[in-house]
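# Fold and contact review
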There are 2 protein chains.
Amino acid sequence: MRIAIDAMGGDHAPGLIVQGALEAAAEWPDTELLLVGDKVAIEPLLKGSLPTNVKIIHAEEVIGPDDEPVRAVRRKKGASMVVAGQLVKDKQADAMLSAGNTGALMATGLLIVGRMDGIERPALAPMMPTMDDIGVLALDLGANMDAKPEHLLQYAIMGSIYRSKVHGIKEPRVGLLNVGTEAKKGTETAKAAFDLLEQAPINFIGNVEARDVLNRNCDVLICDGFAGNIMLKAMEGTAGTIFSMLKEAFGSSVLTKIAAAIMLPKLKQLKKKMDYKEHGGAPLLGLNGLVVKCHGSSDVIAVKNAVRQARIALQGNLIDSISAEINGK
Amino acid sequence: MRIAIDAMGGDHAPGLIVQGALEAAAEWPDTELLLVGDKVAIEPLLKGSLPTNVKIIHAEEVIGPDDEPVRAVRRKKGASMVVAGQLVKDKQADAMLSAGNTGALMATGLLIVGRMDGIERPALAPMMPTMDDIGVLALDLGANMDAKPEHLLQYAIMGSIYRSKVHGIKEPRVGLLNVGTEAKKGTETAKAAFDLLEQAPINFIGNVEARDVLNRNCDVLICDGFAGNIMLKAMEGTAGTIFSMLKEAFGSSVLTKIAAAIMLPKLKQLKKKMDYKEHGGAPLLGLNGLVVKCHGSSDVIAVKNAVRQARIALQGNLIDSISAEINGK
């Protein structure tokens, strides 16, 4: 199998992206990695030798974090991210990974790789952190703001197949993000989605609340991109604020500094648990190929984990399985 | 001025509700308090004497926490909450407070007290906690799930007047809850609301994110009841989970228990900051009278605070001010 990696996207590109790719290439000799980016920037990072399962695909341009997504993808045909997407489109690669501009990657997915037949809206599906470190796959978390009930149904089917194929969960529990756990709650969209999900070939467990996500109240959390993004940011903001208040409290006297020294390892562990960046790449589901968004701060381990994840998805025929379920084949 | 108090609603009713009312009556002799509820339950709590500015209005029935809101309000005409609402409707009281069933109180507001002319949807407007203890008024937090842009505009006008009249904030900063701070973000509803808010006679500061609410990024936070509720529950859930993980971490060894003893006062303070129940009653704005929802766990101080809050609102002619702004008078 062949995986295209956008070598120029992310805070640590191309250095740590290339290094991560080289380590992945060493670990999985059966996988061909296509490093897409500026030859002049990439070659010095290879330390003189190119493994047989790594190729460089030259791309002159780069889409930056501040580029307007759709315009950038339309105009910069030579950008590393767009070239990687084109490789997937042309079946020269089975999957692509990028730690670059999220909006531009979604545009690359839609405009270059293309929507899967039968799918109305692709969805971005990151893992939300949970206290037991297993995580919840949440979708959509920002690809589409206005979701119809039918879109939420498709998210549920795609998310369910992903968790089963990639994470080996049998009959993943699918929950609908809502304002209460009873049926007949929420917006008209949520109520209509509830009815559709009850009829779907998934293990639908009903409405779930944002307050219980950290306790892994489901395996797949279905939401529209607007409410989902607000939930995620409310969680991030609350955790960040509490940790910074704790830091202040621990630093306030000699005694509290002693307490801080005692608690430091536990606090670090807790902080790490809350960090959704720890949970690997987020697939963009509903495209004609596998596209994985890696976090902007991705390092060597993150790139390697994303390659591992893409390999499992490809081995499990993720895309064909989704297509078969959506199109009833 | 006269304030009706639902003596039978809330976890600590009638005991602490009545006690809170008595203390409020002693503090503000110019305010008449109407204790609405079961005479037989209330009278023994008065310790033999009824202050001249307290009256008991007998009500035979009670709406419980598990009653279906609309049905309960329609059928239990003799319930303390409904009778208190009727007093406001009949101009026998200027305001009503209740710590009872939230849904039933919203139904009482709509069906008994009545919607203000020109208002399409009343809104529930609690204070969200902020780290500086000042708080953000958020509306709507659950009265209406499907908000149109025009509803969000009315929330903004009502919330802005409330913070100015009740909290003395000049030109309160109004923010629209969204997935990014730039303009043109979010759902079609959010985009249309943004345009309306820009034209409104308020201090609109643009889109704000859920992650910054704890840092008081605005004074009035505008959201639909669905996203707002999800934001609030995500914040509550995250804070609750972190505190319970901290408790576990602090209890894990003799050393960490020493650290816990040192940190206890600071942690309690921090936990209190995050507790939105600390922030008094939530007005239901957009009705033909003042209706205040007190938290279910309201105690003596909470009831007294709610009376204080209602007095200030009444002194500032809150309802007439909102009506004048909405109806352009």
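You'll find the structure just up there.
Residues numbered from 1 in each chain as written. Chains lettered and ligands numbered in written order. Predicted model: local features only at pLDDT ≥ 70, side-chain atom pairs only at ≥ 80, totals over all residues. Heavy atoms only, no water.

### Examining the overall build of chain A
Counting its regular elements, chain A contains 11 helices and 12 strands. Against the compact-globule benchmark of 20 Å for 329 residues, chain A has a radius of gyration of 21 Å, which places it among compact chains. Overall, chain A is about 65 × 55 × 35 Å in size when its C-alpha atoms are taken along their principal axes. Here chain A holds 329 residues, and the buried ones make up 58% of them. (Helix = DSSP H or I, 4+ residues; strand = E, 2+ residues; numbered from the N terminus. Rg over C-alpha atoms; globule rule 2.2 N^0.38 Å. Buried < 20%, exposed > 50% of the residue type's maximum accessible area, 1.4 Å probe, protein only.)

### A look at the relation of the copies chain A and chain B
One copy of the chain maps onto the other through a rotation about an axis plus a displacement along that axis. With an RMSD of 0.0 Å, chain A superimposes on chain B once it is rotated by 180° and translated 0.0 Å along the axis. Considering both components of the superposition, the chain copies are consistent with a two-fold axis. Scanning chain A for the C-alpha nearest the rotation axis identifies A259 of chain A, at a separation of 2.1 Å. Mapped onto chain B, 100% of the interface residues of chain A again fall at the interface, so both copies present the same surface. (Least-squares fit on C-alpha atoms with pLDDT ≥ 70 in both. Contact = heavy atoms within 4.5 Å.)

### A few points about the sheet that holds strand 11 (residues 282-285) of chain B
All names here are of chain B. The 7 strands lie next to each other as 3-2-1-4-12-11-5, forming an open sheet whose pairing is mixed. Each edge of the open sheet is held by one strand with a lone partner, namely strand 3 (54-58) and strand 5 (123-124). As defined by bridge partners, strand 1 (residues 2-6) adjoins strand 2 (residues 32-37) across 5 bridges and the pair is classed as parallel. Across the sheet, the residue bridging to R2 is E32, located in strand 2. (Pairing = 2+ DSSP bridges.)

### Quick word on the nonpolar core
Grouped together as the largest cluster of nonpolar side chains are 74 residues, with contacts concentrated most on M231 of chain A together with M231 of chain B. Listing elements by their share of this core, those giving two or more residues are strand 7 (136-139), helix 8 (225-250) and helix 9 (254-273) of chain A together with strand 7 (136-139), helix 8 (225-250) and helix 9 (254-273) of chain B. Each residue touching M231 of chain A, except ones within four places of it in the same chain, is listed here: M128, L177, A210, V213 and L221 of chain A together with I230 and A234 of chain B. (Core = buried A, V, L, I, M, F, W, Y, C linked by side-chain atoms within 4.5 Å.)

### Quick notes on the interface of chain A and chain B
Facing the 47 residues of chain A at the interface are 48 residues of chain B. Summing the contributions of chain A and of chain B, the shared interface buries around 4,100 Å²; its carbon and sulfur component is 79%. It is R211, F226 and K233 of chain A that lose the most area in chain A upon contact with chain B, and together they represent 15% of the buried surface on that side. The interface formed by chain A and chain B includes 4 salt bridges. (Buried area = accessible area lost by both parts, 1.4 Å probe. Salt bridge = Lys/Arg side-chain N within 4 Å of Asp/Glu carboxyl O.)

### What about the packing of helix 4 (residues 80-89) of chain A against helix 5 (residues 102-113) of chain A?
Residues and elements named next belong to chain A. Running from N to C, helix 4 and helix 5 cross one another at 35°; their axes reach a closest spacing of 9 Å. Every pair of crossing elements has a handedness; the one defined by helix 4 and helix 5 is right-handed. Of the residues in helix 5, those in contact with M81, V82, G85, Q86, V88 and K89 of helix 4 are A104, L105, T108, I112 and V113. When its residues are assigned to classes, the contact of helix 4 with helix 5 shows 7 nonpolar, 3 polar and 1 charged. (Axes fitted to C-alpha atoms, helices over the stretch in contact; angles between N-to-C directions. Left-handed = near helix turned anticlockwise from the far one by under 90°. Nonpolar A, V, L, I, M, F, W, Y, C, P; charged D, E, K, R; others polar.)

### Quick notes on the state of the cysteines
All names here are of chain A. Tallied over the full model, the rule gives 0 disulfides over all chains. Among the cysteines around C218, which has no disulfide bond, C223 carries the closest sulfur, lying 9.4 Å off. Given a relative accessible area of 0%, C218 falls into the buried group. (Disulfide = S-S within 2.5 Å.)

### Considerations on helix 1 (residues 15-27) of chain B
Residue and element names in this part refer to chain B. Compared with the 18 Å implied by 1.5 Å per residue over 13 residues, the 19 Å span of helix 1 between its first and last C-alpha is a close match. What helix 1 keeps buried is the set I17, V18, G20, A21, L22, A24 and A25. Where helix 1 is buried, its residues contact strand 1, strand 2, helix 2 (39-42), strand 3 and helix 10 (300-315). (Expected span 1.5 Å × (residues − 1).)

### Quick look at the sheet that holds strand 6 (residues 127-128) of chain B
All names here are of chain B. An order of 6-7-10-8-9 is seen for the 5 strands of this open sheet, with the pairing classed as mixed. Unpaired on one side and paired on the other, strand 6 and strand 9 (203-208) mark the two borders of the sheet. Bridge analysis of strand 6 against strand 7 gives 2 bridges, and the strand direction is antiparallel. Of the residues in strand 7, the one forming a bridge with M127 is L137.

### Structural notes on unusual backbone geometry
Residues and elements named next belong to chain A. A cis amide bond links A13 to the next residue, P14, at an omega of -5°. Summarising the element assignment, P14 is placed in the loop between strand 1 (2-6) and helix 1 (15-27). Backbone torsion omega between L139 and D140 reads 5°, so that peptide bond is classified as cis. Structurally, the position occupied by D140 is in the loop between strand 7 and helix 6 (149-167). With a phi close to 70°, D133 is a non-glycine residue in the positive phi region. Its place among the elements puts D133 in the loop between strand 6 (127-128) and strand 7. A relative accessible area of 46% means that D133 is categorised as partly exposed. Positioned with a positive phi, K184 is a non-glycine residue whose angle comes to about 60°. Looking at where K184 falls in the secondary structure, it is placed in the loop between strand 8 (173-177) and helix 7 (188-199).

### Observations concerning the pairing of strand 12 (residues 290-293) of chain B
Residues and elements named next belong to chain B. Judged by which residues are buried, strand 12 turns out to be covered on both faces: L290 and V292 on one side and V291 and K293 on the other are all buried. Sheet topology places strand 4 (residues 95-98) next to strand 12; 4 bridges connect them, and they run parallel. For S98, the partnering residue across the bridge sits in strand 12 and is K293. Taken together, strand 11 and the strand that follows it, strand 12, pair antiparallel across an intervening segment of 4 residues, in which G286 is found at a positive phi of about 105°.

### Some points on the packing of aromatic side chains
Residues and elements named next belong to chain A. On inspection of all chains with the given rule, the structure shows 2 aromatic pairs over all chains. Pairing F194 with F204 gives two aromatic rings, centres 5.2 Å apart and planes at 75°, and the pair type is edge-to-face. One end of the pair, F194, is in helix 7; the other, F204, is in strand 9 (residues 203-208), and 10 residues separate them in sequence. (Phe/Tyr/Trp six-rings, centres within 6.5 Å; stacked < 30°, edge-to-face > 60°.)

### Examining the pattern of salt bridges
Residues and elements named next belong to chain A. If you walk through the whole model with that rule in mind, you get 22 salt bridges over all chains. We note a salt bridge from D30 to R311, for which the minimum N-O separation is 2.8 Å. Within this pair, whereas D30 is found in the loop between helix 1 and strand 2 (32-37), its partner R311 is found in helix 10 (residues 300-315), the two being separated by 281 residues in sequence. Of the charged contacts, one joins D132 and R216 as a salt bridge, the two residues approaching to 2.7 Å between their closest N and O atoms. With D132 in the loop between strand 6 and strand 7 and R216 in the loop between strand 9 and strand 10 (220-222), this pair connects stretches of sequence that are 84 residues apart. Using a relative accessible area of 38% as the deciding quantity, one classes D132 as partly exposed. Through salt bridges that share partners, D132, R173, R216 and D219 make up one connected network.

These values are about where atoms sit, not about what they do.
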